Structure formats: C-alpha cells, structure tokens
Amino acid sequence: MAQHDLHELLRSQRVWDPEVTRLRTFDPDTAPPTPLALFTAWFAEAVDAGQPEPHTMSLATVDEEGMPDVRVVVLHGADADGWSFATHATSRKGRALRARPYAALAFYWPVLGRQVRVRGPVLAAPAGESRADLRARSTGALAAALTGRQSEELSSVAELREASQAAWQRARENPDEPAPTWTLYRLRPRTVEFFQGDPDRRHVRLEYRSTGFGWSRSLLWP
C-alpha cells in the first residue's frame, strides 16, 4: 500500500471545487416562515443538482456518561411531528437517546455548498408506527433489522455472515416479520440553521428558533 503524508493530502484538497459545486445565491429575506418549508425546497434542489445520497445526515447524541457520539444515518421523513430516523432501541444511539433524549442532525450538500443543522428533543414513536416504518423499507433493511445485536461486540466476520444469511431468509419468507427493538424516532426541532456557502466567504446563515408562538428568524455571523 502506498504511503501518503496526511498533511500534504489535506493541503491538496479543495472546498467547493467549481467543477462539481454550483454555489447558489440565498436571500434570507425571501425565506418562508417555517423551517420545514425551506428544508423541503433545499432538499429538492439538492436532489435536482445530483447530490449523492442527500437523505443521509450526521446524528449526534450524548450518552449517559456525558460522552458525545456521531454517526451517519438516513432521514426517514420530515413533517410537523419532526425529523425522523430509526434504529434499534438497544443500539448505542438508542441507549444514548433513552438516557438523554436530545440530539442534533447535520445535512451537508457540497454540490450546492449548503448545510442544514437541526437540534432538539427526541421522542420514540409508538410501536405501531415503528413497525409501519420498517415494513415500508426494503427487504435488505428488514434483514439488517432482523440481524439485530447492533453495536454489540462481534467475534468474527463469519458470525455476522451466518446471522445475516438467516435474517435475509426470514425477511424474504415473511416481509411483515417484526423486529421488536426497531424504533422510529422523531427529533422535534428547537433550532434549525440553514447555511449557504459564498465564494468570498460571506456565507449566509439563517437560524429559525421555535417559540411559544411559532418561529422566529435571525442571521448569524459566518
């Protein structure tokens, strides 16, 4: 394997390469009154611009010992009830959310130089909604959920292969088979920030804040 100097590699990288990135103008005065409306519009523009996997997001949590953690997960939906994702309640993130039911999400769409950050409390959906969420996904997603034991220590790749093969067979034979610990979570935003990159580094940051009377909006220094 070729050896590389990390610092040299870092210095050779570009942010928002004009060959792949088309920075958009963003006038915050024209933004809609709710963050969900703007998120929906920006998500659609990311899809239209060819952003790979625009529905993936970083999910940050804090566990019972106060230690932060972050991982990339898939957005399952966003509506008046919040931004939703799913995992096993027994996984690391599930245990963290049980201990400290707050989280932050971050979307990054480099083809447009955009980020969206969402923060707030997290609630577990009722069991019936969690089951419906899993049924709506692919056979592979069900097989992964049925494999179970997420975040537990694994003795070997062979053990995973054997468990996965059995789970795939169960998923094909019974597409409605439940995965008892599979849980749909909803983050109810208290703040949602929209970041639009600017070639002169005059980035636009618009933050929505939830109040008892709707949403307030303010600009942030970049």
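Right, let's walk through the structure included here. (Residues numbered from 1 in each chain as written. Predicted model: local features only at pLDDT ≥ 70, side-chain atom pairs only at ≥ 80, totals over all residues. Heavy atoms only, no water.)

Once that is clear, we can look at the nonpolar core. In this structure, Phe107 and Val116 are the most contacted members of the largest nonpolar core, which totals 28 residues. Elements with a contribution of two residues or more to this core: helix H2 (35–48), strand S1 (56–62), strand S4 (82–88), strand S5 (102–109), strand S6 (114–124), strand S7 (182–187), strand S8 (191–196) and strand S9 (204–211). Leaving out residues up to four positions away in the same chain, Phe107 has contacts with Phe39, Pro54, His55, Thr56, Met57, Leu75, Trp83, Arg114, Gln115 and Val116. Among the nonpolar cores identified, the runner-up in size contains 12 residues, and Ala125, Leu134, Leu142 and Ala145 belong to it. (Core = buried A, V, L, I, M, F, W, Y, C linked by side-chain atoms within 4.5 Å. Buried < 20%, exposed > 50% of the residue type's maximum accessible area, 1.4 Å probe, protein only. Helix = DSSP H or I, 4+ residues; strand = E, 2+ residues; numbered from the N terminus. Contact = heavy atoms within 4.5 Å.)

Next up on the list: the packing of helix H5 (residues 139–147) against helix H6 (residues 157–173). Relative orientation and spacing of two packed helices are given, respectively, by the angle between their axes and the distance between those axes. For the pair H5 and H6, the least separation of the axes is 8 Å and the interaxial angle reads 125 degrees. Classified by the angle their axes make, H5 and H6 are oblique. Our pair here, H5 against H6, has a crossing hand that is right-handed. Across from Thr139, Gly140, Leu142, Ala143, Leu146 and Thr147 in H5, the residues of H6 making contact are Leu160, Ala163, Ser164, Ala167, Trp168, Arg170, Ala171 and Arg172. Of the residues in the contact of H5 with H6, the class split is 8 nonpolar, 4 polar and 2 charged. (Axes fitted to C-alpha atoms, helices over the stretch in contact; angles between N-to-C directions. Parallel < 35°, antiparallel > 145°, perpendicular 65-115°, else oblique. Left-handed = near helix turned anticlockwise from the far one by under 90°. Nonpolar A, V, L, I, M, F, W, Y, C, P; charged D, E, K, R; others polar.)

This brings us to the pairing of S1. Burial of S1 is one-sided: the residues Met57, Leu59 and Thr61 facing one way are buried, the residues Thr56, Ser58, Ala60 and Val62 facing the other way are not. Where S1 and strand S2 (residues 68–74) come together, 7 bridges link them in antiparallel fashion. Each bridged residue has a counterpart across the sheet, and for Thr61 the counterpart in S2 is Asp69. Linking S1 back to S2 in an antiparallel pair, the connection comprises 5 residues, with Gly66 at a positive phi of about 85 degrees. With 3 bridges joining them, S1 and S5 adopt antiparallel strand pairing. Counterpart to Leu59 in the pairing with S5 is Leu105. (Pairing = 2+ DSSP bridges.)

Taken as a whole and assessed by the stated rule, the structure comprises 13 salt bridges. In this structure, the salt-bridge partner of Arg149 is Glu152, at a minimum N-O distance of 3.3 Å. Of the two residues examined, Arg149 and Glu152, each falls in the exposed class. With a shortest N-O distance of 3.1 Å, Asp200 and Arg202 are connected by a salt bridge. Looking at Arg202, the relative accessible area reads 58%, which means it is exposed. One network of salt bridges, with partners in common, ties together Arg24, Glu45 and Arg114. (Salt bridge = Lys/Arg side-chain N within 4 Å of Asp/Glu carboxyl O.)

Now for the packing of aromatic side chains. A full pass over the atoms with the stated rule returns 10 aromatic pairs. Between Phe43 and Trp109, the ring centres sit 6.1 Å apart and the planes meet at 70 degrees, which makes this aromatic pair edge-to-face. Within this pair, whereas Phe43 is found in helix H2, its partner Trp109 is found in strand S5, the two being separated by 66 residues in sequence. Judged by its relative accessible area of 0%, Trp109 is buried. Taken together, a centroid distance of 5.7 Å and an interplanar angle of 75 degrees make the contact between Phe194 and Tyr208 edge-to-face. With Phe194 in strand S8 and Tyr208 in strand S9, this residue pair connects regions lying 14 residues apart in the sequence. With a relative accessible area of 0%, Tyr208 lands in the buried category. Through successive ring pairs, a cluster of aromatic residues spans Phe39, Phe43, Trp83, Phe107 and Trp109. The side chain of Arg114 reaches across the aromatic face of Trp42, ending 4.0 Å from its centre. (Phe/Tyr/Trp six-rings, centres within 6.5 Å; stacked < 30°, edge-to-face > 60°. Lys NZ or Arg CZ within 6 Å of the ring centre and 35° of its normal.)

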